[in-house]
Amino acid sequence: MHIGELISAFFTSDGPGGVVVITVVGLAAGIYFWLIRWILRGSEPEEKERYRFK
Amino acid sequence: MLAIDAKDKEKIVMPLFRTSRAFIALVSALGTLALIGVAAYARQLYLGLGVTNMDRPVYWSTYMVNFIFFIGISHAGTLISAILRVTGAEWRRPITRVAEAITVFALMIGTLQIIIDMGRPDRLAFTILNGRLQSPIIWDIVSVTVYFLSSITYLYLPLMPDAAILRDNCPPDAPAWQVKMYTLLALGWRGNRAQWVRLEKGIAFLAVFIIPVAISVHSIISWILATTVQPGWHSTIFGPYFVIGAIFSGIGALFLAMTGIRKALGLEGYIGLRQYRNLGLLFLTMNALWFYFTYAENLGIAAGQQPEEFVVLAAKLWGEFAPTFWLMILMMVAAFWILVVPKLLPASVERVAVFQPRVAFASVGAAVILFALVSLSPRTPALAALSTANSLTLAWAAIIALLIFAALGVTFWLKAHPVASATIAGGIVLVGMWLERWNIILPTVTHPRLIPYAAYFPSLTEGLVTLGSLALFVMMFVVFFKFFPAVSIWEVAEGRVIEAAQSKNIMPAPEPSKTGLLRPRKFKL
Amino acid sequence: MRPATSYHPQNKNEAVILAPVRRVTFEERWLWAILLGLMGLGAYAYLTQWNSGLGVTGLNRPVYWGIYITNFVFFIGLAHSGTFISAILRLAGAGWRKPLTRAAEAITLFSLPFGVGSILIDMGRPDRVLNIMFYGRFQSPLLWDITAVSLYLFSSIVFFYLSLLPDIALCRDRLTEAPAWQQKMYKILALGWMGRPEQFERLERVLDGMAIFMTLLVVTVHTVVSWVFGMTVQPGWHTALIGPFFLVGAIFSGTAAVVIVLAILRRVYHMENVLPVSLFNSLRKLLIVFTVAWLYMMIAEFLTASYGGLADEMPVIWQKFTGDFAGLFWTMALAVFVFPILIFVFLGKDHIGWMVTACVLINIGMWIERFVVIVPTETRPRLVSTLMEGMGNYTPSWVEIAITVSLFAGLTLLYVVFTRFFPIVPIWETAEETAETELPPVEPRRKVFGTRQSL
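Residues numbered from 1 in each chain as written. Chains lettered and ligands numbered in written order. Predicted model: local features only at pLDDT ≥ 70, side-chain atom pairs only at ≥ 80, totals over all residues.

Scanning chain B from N- to C-terminus turns up 19 helices and zero strands. Projecting the C-alpha coordinates of chain B onto the three principal axes gives extents of approximately 80 × 80 × 60 Å. Within chain B, the fraction of its 525 residues that count as buried is 39%. Counting contacts in chain B only where the partners sit at least 6 residues apart, residues at least 24 apart contribute 83% of the total. (Helix = DSSP H or I, 4+ residues; strand = E, 2+ residues; numbered from the N terminus. Buried ≥ 20, exposed ≤ 12 C-beta atoms within 10 Å, placed from the backbone. Contact = placed C-beta atoms within 7 Å.)

Take a look at the structure:
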């Protein structure tokens with residue numbers, strides 16, 4: 001099956017798994033870095049739409 | 001003489017003494033469907049189970065799916081009334097009676113399905129006369145019976161003060177038999193302090209008791225399947241999986257019932273957005289957990305690649321059960337989307353083209369056309385070009401993209417209609433969970449351990465009986481709320497008193513410490 | 001250069017909470033020394049293993065995963081306590097969790113490295129862990145494991161740091177008598193936090209968002225860890241329930257660990273005001289639910305497996321019920337379920353001593369439980385006929401035991417040193433709320449910072 005070929009190719013490949021680890025952790029690092037900077041900036045006027053945690 | 005608020009009296013008590021034409025029409029329609037189901041069952045009883053399509057090895061099919069489905073829905077009552085009461089969630093008060101009623105009637109209809117499934121119903125007596133203690137079916141009978149009795153009690157106890165209120169607040173032209181019924185059910189309730197204290201204790205005890213009973217009910221039902229060695233059934237995850245699924249479908253049923261009652265009786269002042277919002281959060285949690293359990297189970301089978309197990313999974317993923325399996329997944333994803341995405345999108349993007357409803361319609365239309373082409377392509381020479389692997393992949397990707405566009409297009413309509421979106425999500429989940437039960441039972445019975453293959457398609461009898469059972473369930477529900485208040489009058493009144501008191505509440509200071517504060521000394525390392 | 005004065009929410013318990021940071025006792029130095037000594041013993045044991053190879057342990061074929069992997073699963077499980085208390089209870093709106101969050105998250109932060117370290121210790125050639133990076137196949141549960149645990153470690157550090165940030169600024173401003181290097185450390189770590197209302201608003205929002213993310217991460221991480229076992233076809237491991245099984249067990253043992261740590265902190269640092277008995281009562285209720293939930297998981301697992309009676313599964317089950325591991329298994333059942341539920345229900349209310357007893361039993365029992373999940377399956381693997389005479393046993397050696405002890409010592413040492421540098425109770429979160437009563441769950445919370453007067 002055509003989709004099945006794609007899936008089986010994904011699952012029978014041999015690496016490099018490090019791509020997954022680096023991508024995930026790297027993405028997280030970037031997001032966290034930006035978030036900390038955003039928190040510390042804290043003096044810009046608030047956006048109109050607020051995501052309120054309910 | 002128990003007095004109630006005039007608004008409560010107008011909204012909750014008065015409708016019980018007025019019979020509208022719509023009510024009669026609804027009950028007649030439902031009654032007709034139920035009678036058709038009864039007729040189909042009578043025919044099955046007379047001619048034998050051969051009129052269904054059940055055969056060896058497919059000895060459990062539609063009726064068993066219905067059984068698990070209805071018992072699953074019954075968990076609505078336990079969740080809302082009992083767990084929310086134990087955790088002190090005040091917002092549950094307006095919906096407890098609807099939830100408890102769903103529980104009782106779903107249990108009745110669910111147990112009925114088993115009896116319908118039997119060619120010789122009189123053999124039910126064997127379970128009592130000759131039942132072996134180590135049989136999961138015996139545990140099932142015990143736990144469902146206990147749960148049923150507990151649920152009826154749990155429905156009746158909060159109903160008692162309400163029956164007393166009705167007894168004392170009937171309009172002068174109320175029929176005598178109705179007043180007599182309320183008087184009987186009130187059991188002489190006087191509403192003095194001693195009685196209230198005992199009632200609260202009783203309800204609190206029952207709430208704590210009924211939670212493990214409910215969990216055991218659906219776990220034991222799942223263990224009827226899991227303690228066999230059939231591939232696809234013999235999985236340790238079934239216990240929690242079924243309980244989560246039951247609570248999930250219960251919340252879906254509750255959404256539908258809540259909205260129906262609210263609309264029909266004009267109870268917007270009682271069942272408000274707060275109930276929908278909080279139930280929606282629970283719904284999303286259960287949805288996520290359901291996906292987690294489904295994924296955990298199927299991933300294990302896929303990775304294990306054991307020959308008999310994998311055949312069952314393959315039948316679901318790309319075999320003859322692929323349509324029902326992927327439809328179920330689509331329903332659950334849609335239900336999740338409906339309740340989450342409208343909350344996440346800010347109002348400012350409403351002008352963007354993709355969020356217009358006409359885009360949604362166009363996308364759905366295009367997706368349907370593409371889907372039709374893809375389904376027809378292997379059989380039609382003209383569309384042969386479409387059936388190559390590459391173009392099929394592209395077509396499926398396009399269909400998924402179009403569906404996402406369609407979903408985005410309706411987002412703002414959903415955002416503007418929270419009640420409707422919750423109800424739609426609830427309905428979708430009910431269909432999805434019925435399909436889920438189907439996908440658990442049927443692939444295994446058609447691909448059992450020792451038989452290469454079997455085929456099954458439900459017969460007319462089973463379809464009519466299923467329809468009749470659903471109609472009977474809704475009919476019992478509707479008739480019940482014709483005679484009993486849809487909202488628990490005293491619980492809602494109690495909630496108002498508590499809210500008023502809490503608004504004047506001041507946070508108490510923490511306990512004083514017995515030791516004095518340490519004097520901070522010079523810093524030394 | 002420091003701009004105008006920064007703002008810190010008023011907390012009347014501030015002096016009590018900062019007291020441990022201001023002064024380290026002499027006895028405490030002895031504790032550090034002992035713990036360092038234990039870690040040194042562990043290092044010596046590991047050096048022995050490095051030099052002589054994994055033969056100095058009790059590992060063999062087919063028992064190739066033993067105490068080290070037990071430690072791995074146990075420490076990762078312990079780590080989930082912090083996230084549970086901080087993130088999940090935050091989402092549920094349970095205000096009583098506030099004094100505990102940092103203490104619990106510190107358990108997370110400091111046990112994760114030892115969990116991950118256990119894997120490296122388990123390897124005869126630790127450099128081969130790079131093979132996962134270079135040649136790791138996407139379908140490998142080990143790869144998912146490394147990804148998930150790395151992400152979890154990193155995110156826990158960030159989540160911890162963010163909720164610590166206002167208190168680092170507090171230390172920077174209040175602890176003027178600290179040595180210069182310590183003050184410099186606070187100044188750098190505080191990242192110029194000024195306590196402006198907008199900063200607090202944003203911090204709260206990010207913490208809310210991260211709480212959701214961390215909850216999902218907790219579920220993912222411990223499930224993925226369990227799938228290292230679950231995705232094999234070994235009897236006893238290849239069960240679909242293993243994901244939720246490990247997850248419930250982790251949150252259970254983690255919450256019990258939090259109770260132990262809190263009781264010690266309360267006693268040693270005289271924090272009776274800050275950590276009142278009501279906290280322990282709330283935790284007691286949670287623990288009752290978890291104990292029963294854990295029993296449910298065990299019943300679900302063993303009822304289904306034993307009723308199936310499959311020829312491959314039954315030897316493993318008999319090993320646990322009546323075989324070589326029966327002593328451990330039934331000890332575990334007593335320690336994790338029987339005694340704790342009796343203690344919680346009858347003795348635990350308002351009595352911290354009994355709570356701690358039950359929680360110590362729970363943690364010991366859960367460590368045994370991890371052992372009993374991992375090793376019996378290996379002693380009766382699927383191809384049991386290939387087991388030769390004398391195979392299928394496992395006796396841990398002194399190296400493994402020494403290293404295990406040193407891991408616990410290391411966790412304790414890191415924790416204790418941390419409490420001497422940063423306040424272990426979040427001062428900014430437990431500050432007096434000016435216009436708020438204890439709201440019921442799932443109501444929107446209103447935080448009013450930036451004013452010193454009541455509204």
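Residue and element names in this part refer to chain C. Within the element layout of this structure, R90 appears in helix 3 (residues 67-91). A C-alpha to C-alpha distance of 26 Å links R90 and A15, two positions 75 residues apart in sequence. Among all residues touching R90, those that are not within four sequence positions of it are R97 and A211.

With that settled, the discussion passes to the packing of helix 11 (residues 273-304) of chain B against helix 17 (residues 418-446) of chain B. Residue and element names in this part refer to chain B. Here helix 11 crosses helix 17 at 35 degrees, and the two axes come no closer than 10 Å. With respect to the hand of their crossing, helix 11 and helix 17 are arranged in left-handed fashion. Touching L273, Y276, G280 and F283 of helix 11 are P418, V419, A422 and A425, all from helix 17. Per-class residue counts for the contact of helix 11 with helix 17 are seven nonpolar, one polar and no charged. (Axes fitted to C-alpha atoms, helices over the stretch in contact; angles between N-to-C directions. Left-handed = near helix turned anticlockwise from the far one by under 90°. Nonpolar A, V, L, I, M, F, W, Y, C, P; charged D, E, K, R; others polar.)

Before going further, it helps to examine unusual backbone geometry. Residue P57 of chain B is reached from R56 of chain B by a cis peptide bond, and omega for that bond is 0 degrees. The residue after R61 of chain C, namely P62 of chain C, is reached through a cis peptide bond having omega 0 degrees. As for its position among the elements, P62 of chain C is in the loop between helix 2 (26-52) and helix 3. The phi dihedral of H270 of chain C is positive, around 55 degrees, even though this residue is not glycine. By the secondary structure assignment, H270 of chain C is in the loop between helix 9 (242-268) and helix 10 (277-308). A positive phi angle, close to 65 degrees, is found at D350 of chain C, a residue other than glycine. For D350 of chain C, the location among the structural elements is in the loop between helix 12 (326-347) and helix 13 (352-379).

All names here are of chain C. Mapped onto the secondary structure, G249 falls in helix 9. G249 sits 43 residues away from V206 along the chain, and the two C-alpha atoms are 29 Å apart. If we skip the residues at most four places from it in the chain, G249 touches G77, W294, M366 and E369.

Take the packing of helix 2 (residues 18-41) of chain A against helix 8 (residues 197-230) of chain C next. At a minimum axis distance of 7 Å, the contact between helix 2 of chain A and helix 8 of chain C shows a crossing angle of 150 degrees. Comparing the axis directions of helix 2 of chain A and helix 8 of chain C gives the class roughly antiparallel. Only Q199, R202, L203 and V206 of chain C of helix 8 of chain C make contact with helix 2 of chain A, whose side of the interface consists of L35, W38, I39 and L40 of chain A. Residue composition of the contact of helix 2 of chain A with helix 8 of chain C, grouped by class: six nonpolar, one polar and one charged. (Parallel < 35°, antiparallel > 145°, perpendicular 65-115°, else oblique.)

Moving on: the nonpolar core. Membership of the largest hydrophobic core comes to 246 residues, with the highest contact counts inside it found for V98, I102, I251, L254 and A425 of chain B together with V258 of chain C. For this core, the leading source of residues is helix 6 (residues 141-174) of chain C, giving 16 residues. Two domains share this core, each providing at least three of its residues, namely domain 1 (10-231 + 399-431) and domain 2 (233-259 + 273-380) of chain C. Setting aside residues up to four positions removed in sequence, V98 of chain B forms contacts with L254, A257, M258, I261 and A486 of chain B. (Core = buried A, V, L, I, M, F, W, Y, C linked by C-beta atoms within 7 Å. Domains from an automatic or database assignment.)

Turning to helix 4 (residues 101-122) of chain C, a few remarks are in order. Residue and element names in this part refer to chain C. The end-to-end C-alpha separation of helix 4 is 32 Å, in line with the 32 Å expected for 22 residues at 1.5 Å each. Along its length, helix 4 reaches its greatest deviation from straightness, about 25 degrees, at S111, and the proline P113 lies no more than four positions downstream. Of all 22 residues in helix 4, 17 are buried, a share of seventy percent or more. (Expected span 1.5 Å × (residues − 1). Bend = angle between axes of the 7 residues up to and from the residue.)

Next up on the list: helix 11 (residues 313-321) of chain C. All names here are of chain C. Of all the residues in helix 11, the buried ones are E313, V316, I317, Q319 and K320. Angular distribution of buried residues about the axis of helix 11 spans 155 degrees; they occupy a single face of the element. Looking at the buried positions of helix 11, the neighbouring elements they touch are helix 10, helix 12 and helix 13. (Arc of directions from axis to C-beta.)

Below, the discussion takes up the confidence of the model for chain B. Close inspection of predicted coordinates is inappropriate for parts of the model with low pLDDT. All names here are of chain B. The share of residues in chain B with pLDDT of 70 or more is 94%, and the mean pLDDT across the chain is 88. Per-element averaging of pLDDT across chain B places helix 1 (residues 6-13) at the bottom with 81 and helix 3 (residues 62-73) at the top with 95. The model gives residues 512-525 a pLDDT under 50, and that stretch makes 23 contacts with residues more than four places away or in other chains. In the predicted complex, the global pTM is 0.88; the interface-specific ipTM is 0.85. (pLDDT = per-residue confidence, 0-100.)

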